[in-house]
Amino acid sequence: MSVSTPFQDEAHQHLSAGNVPAYMQALGQAARRAASELRRADTGLKNRTLLAIAQRLAEARARILDANDKDLQRGRENGLDSALLDRLALSDARVDAMIEGLQQVAGLPDPVGEIGDMRYRPSGIQVGKMRVPLGVIGIIYESRPNVTLEAASLCLKSGNACILRGGSEASASNAAISSCIQAGLADVGLPAGSVQVVATTDRAAVGELISMPEYVDVIIPRGGKSLIERISRDARVPVIKHLDGVCHVYIDTTADPAKALAIAVNAKTHRYGTCNTMETLLIDAPIADLLLPELARAYAVHDVELRGCQRTQALLPQVTAAVEADWYAEYLAPVLAIKVVEGIDEAIAHIEQYGSHHTDAIVTQDYSLARRFMAEVDSSSVIVNASTRFADGFEYGLGAEIGISTDKLHARGPVGLEGLTTQKYVVFGDGQVRE
């Protein structure tokens, strides 16, 4: 296990005394110092760190699952709903996925130090851009303990220090995972301040973390809408975020019925508690009478509650009437809103009015309609003939993701390694002076 630093000792002294502001300041100082060292770390060292953490994770599998069982039991006692329990739960398969994620990130190209866009200027100098770490990243998240590992791996590979504040419901799981990260850091000689998990569930820690621009360069919140709204409102540090995942699938008249059925069912039922799950199905009127009854039977197998427009109800009398709030809803549950539309114009207009600019898909055999949908739907991911569930860093080949951004600055869509870096200009000369 890692040896604590003077900064960590000081931090824990502050925490023991109940001084949360001083505790967070100490974490910030340790992270800033670690960021300077990480900026100098080469790709080999960063990869060895990730593989060392993966080994420690494999060795601690039983301890991690035991800690997670305690979190799940406490969650049930506290009345957490099924979607939150699903996000919280770890299993052998999910631990395997965490280990695989570390290995994949280790195998990804290192963006740090890349120089591109080189060009000669009339003066004879060469001007280009070098990709560099952001510095210190604060990440605030709820429920999912695997985020602790994903966040740490991406931050380390991109040369950033991070301060991680998980939800109280996953405190035991996060502590177990954190100990593996600290052990891996110690194995390769990187500072313990490279990855720090906030050791208090006091909400005051969040207020301090988002108000330390002298130590923290970027905040990334992952969680419910109320959390992200609070962070966006109160932060004194730049924020990368998304508020909602109101994702749509639009089935065009020309769609292959078998493909449309498979995509629409998978997009809703693969997992309910994720931000890339379809919440509203739009279906072109000429194909609705053919496809909606089949879809209704398929959703019934999964016990999905359907809420539809009047035209949907005319075809499916058993469906509950949709109200205005349903078109805005991110259910994160086995509930689906359905609307019959008159062509792509109405579909795009609906997505523009009610969507959250996260992920939207079209099922069509018409290439020109697919191109138009891609051009006109203003979302961070636009998908043709595939499930919205593919809007994910792992599926996009990023190895893992730190979150999905619906912002347009600084990153958009799944945020992987490149999204955790920035660029600076570099200039090469040969003695030139400006006249």
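Values in this document were obtained by computation on a predicted structure and should not be read as measured data.

Attention shifts here to the overall build of the protein chain. Summing up its helical and strand segments, the protein chain has 16 helices and 16 strands in all. Relative to the 2.2 N^0.38 estimate, which gives 22 Å for 435 residues, the radius of gyration of the protein chain is 24 Å and therefore close to what a compact globule would have. Dimensions along the principal axes, computed over C-alpha positions, put the protein chain at roughly 70 × 70 × 40 Å. Counting all 435 residues of the protein chain, 54% fall into the buried class. The long-range fraction of contacts in the protein chain, counting pairs at least 24 apart against all pairs at least 6 apart in sequence, stands at 73%. Accessible surface, the protein chain: about 18600 Å² in total, of which carbon and sulfur atoms supply 50%. Positive and negative side-chain charges of the protein chain, numbering 42 and 54 respectively, have mean locations separated by a distance of 5 Å.

Spatially, 3 strands are ordered β1-β2-β16 in an open sheet, and the strand pairing comes out antiparallel. Both edges of this open sheet fall to β1 (115-120) and β16 (421-428), since each of them pairs with a single strand only. Neighbouring strand axes in the sheet, compared pairwise and without regard to direction, differ in orientation by 20° on average. Looking at chain direction, β1 and strand β2 (residues 126-133) are connected through 4 bridges and run antiparallel.

Entries for the protein chain in the domain assignment read domain 1 (6-234) and domain 2 (247-395). Inter-centroid distance (C-alpha atoms) of domain 1 to domain 2 is 34 Å. Interface area lost by domain 1 to domain 2 is led by A83, D86 and R87, which between them contribute 59%. Here domain 1 and domain 2 share 1 salt bridge between them. Between R271 and D86 there is a salt bridge whose closest N-O contact spans 3.1 Å. Taken together, the links from domain 1 to domain 2 amount to 2 residue pairs in polar contact (both at pLDDT 80 or more). Counting residues per element, the ones that place at least two in the side of domain 1 that touches domain 2 are α5 (82-88) and α6 (92-107).

Here S387 is to be found in the loop between β13 (381-384) and β14 (404-405). For S387, the residues in contact, after removing those within four places along its chain, are I263, N266 and A267.

What follows covers the packing of aromatic side chains. This model, assessed by the stated rule, comprises 1 aromatic pair. On the basis of an interplanar angle of 70° and a centroid distance of 4.8 Å, the ring pair of Y328 and Y354 is categorised as edge-to-face. Here Y354 lies in helix α15 (residues 343-354) and Y328 lies in helix α14 (residues 324-328), a separation of 26 residues in the sequence. Taking the relative accessible area as the measure of exposure, Y354 reaches 9% and is therefore buried.

What follows is about the sheet that holds strand β9 (residues 305-308). In space, the 7 strands of this open sheet follow the order β10-β9-β11-β8-β7-β12-β13, with parallel pairing throughout. Pairing within the sheet leaves two strands with one partner each, and these edge strands are β10 (320-321) and β13. Bridge analysis of strand β7 (residues 247-251) against strand β12 (residues 359-363) gives 4 bridges, and the strand direction is parallel. Its bridge partner being in β12, Y250 is matched across the sheet by I362. Helix α12 (residues 285-301) rests against β7, β8 (278-284), β9 and β11 (335-341) of the sheet, and its axis sits at about 145° to β8.

Further remarks concern helix α11 (residues 257-269). Between its terminal C-alpha atoms α11 stretches 18 Å, which fits the 18 Å expected from 13 residues at 1.5 Å a residue. Tucked into the core, α11 has its buried residues touching β7, β8, α12, β11 and β12. Measuring from the backbone nitrogen of A258 back to the side-chain oxygen at the start of α11 gives 3.0 Å, which picks out D256 as the cap.

A packed helix pair is summarised by two numbers, namely the angle formed by the two axes and the spacing between the axes. One can describe the packing of α15 onto helix α16 (residues 367-376) by two numbers: an axis separation of 11 Å at closest approach and a directional angle of 20°. The angle between α15 and α16 places the two elements in the roughly parallel class. Where α15 crosses over α16, the two elements pack in a sense that is right-handed. Between α15 and α16, the residues in contact are I344, D345, I348 and I351 and L369, R372, F373 and E376, respectively. Classifying every residue of the contact of α15 with α16 gives 5 nonpolar, no polar and 3 charged.

Glancing now at the nonpolar core. Ranked by size, the top nonpolar core spans 75 residues in total, and within it M24, I139, V216, I219 and I402 carry the most contacts. The element contributing the most residues to this core is helix α2 (residues 20-40), with 9 residues. The residues touching V216, leaving out its near neighbours within four places in the chain, are R32, V136, G138, I163, L209 and V237. Grouped together as the second largest cluster of nonpolar side chains are 38 residues, V265, A267, I283 and I338 included.

Before going further, it helps to examine a nonpolar patch on the surface. A cluster of nonpolar side chains, I115, M118 and F428, forms an exposed patch at the surface whose accessible area comes to about 260 Å². Locating I115 in the fold gives a position in strand β1. Assessed through its relative accessible area of 39%, I115 is described here as partly exposed.

About the thresholds
- Residues numbered from 1 in each chain as written.
- Predicted model: local features only at pLDDT ≥ 70, side-chain atom pairs only at ≥ 80, totals over all residues.
- Heavy atoms only, no water.
- Helix = DSSP H or I, 4+ residues; strand = E, 2+ residues; numbered from the N terminus.
- Rg over C-alpha atoms; globule rule 2.2 N^0.38 Å.
- Buried < 20%, exposed > 50% of the residue type's maximum accessible area, 1.4 Å probe, protein only.
- Contact = heavy atoms within 4.5 Å.
- Areas by Shrake-Rupley, 256 points an atom, 1.4 Å probe, with all protein chains shown as cover.
- Lys, Arg positive; Asp, Glu negative; His and termini not counted.
- Charge placed at Lys NZ, Arg CZ, Asp CG, Glu CD.
- Pairing = 2+ DSSP bridges.
- Axes fitted to C-alpha atoms, helices over the stretch in contact; angles between N-to-C directions.
- Domains from an automatic or database assignment.
- Buried area = accessible area lost by both parts, 1.4 Å probe.
- Salt bridge = Lys/Arg side-chain N within 4 Å of Asp/Glu carboxyl O.
- Polar contact = N/O pair within 3.5 Å; in protein donor to acceptor, adjacent residues only side chain to side chain.
- Phe/Tyr/Trp six-rings, centres within 6.5 Å; stacked < 30°, edge-to-face > 60°.
- Expected span 1.5 Å × (residues − 1).
- Parallel < 35°, antiparallel > 145°, perpendicular 65-115°, else oblique.
- Left-handed = near helix turned anticlockwise from the far one by under 90°.
- Nonpolar A, V, L, I, M, F, W, Y, C, P; charged D, E, K, R; others polar.
- Core = buried A, V, L, I, M, F, W, Y, C linked by side-chain atoms within 4.5 Å.
- Patch = residues over 30% accessible without salt bridge, like charges linked within 9 Å, V, L, I, M, F, W, Y side chains within 5 Å.

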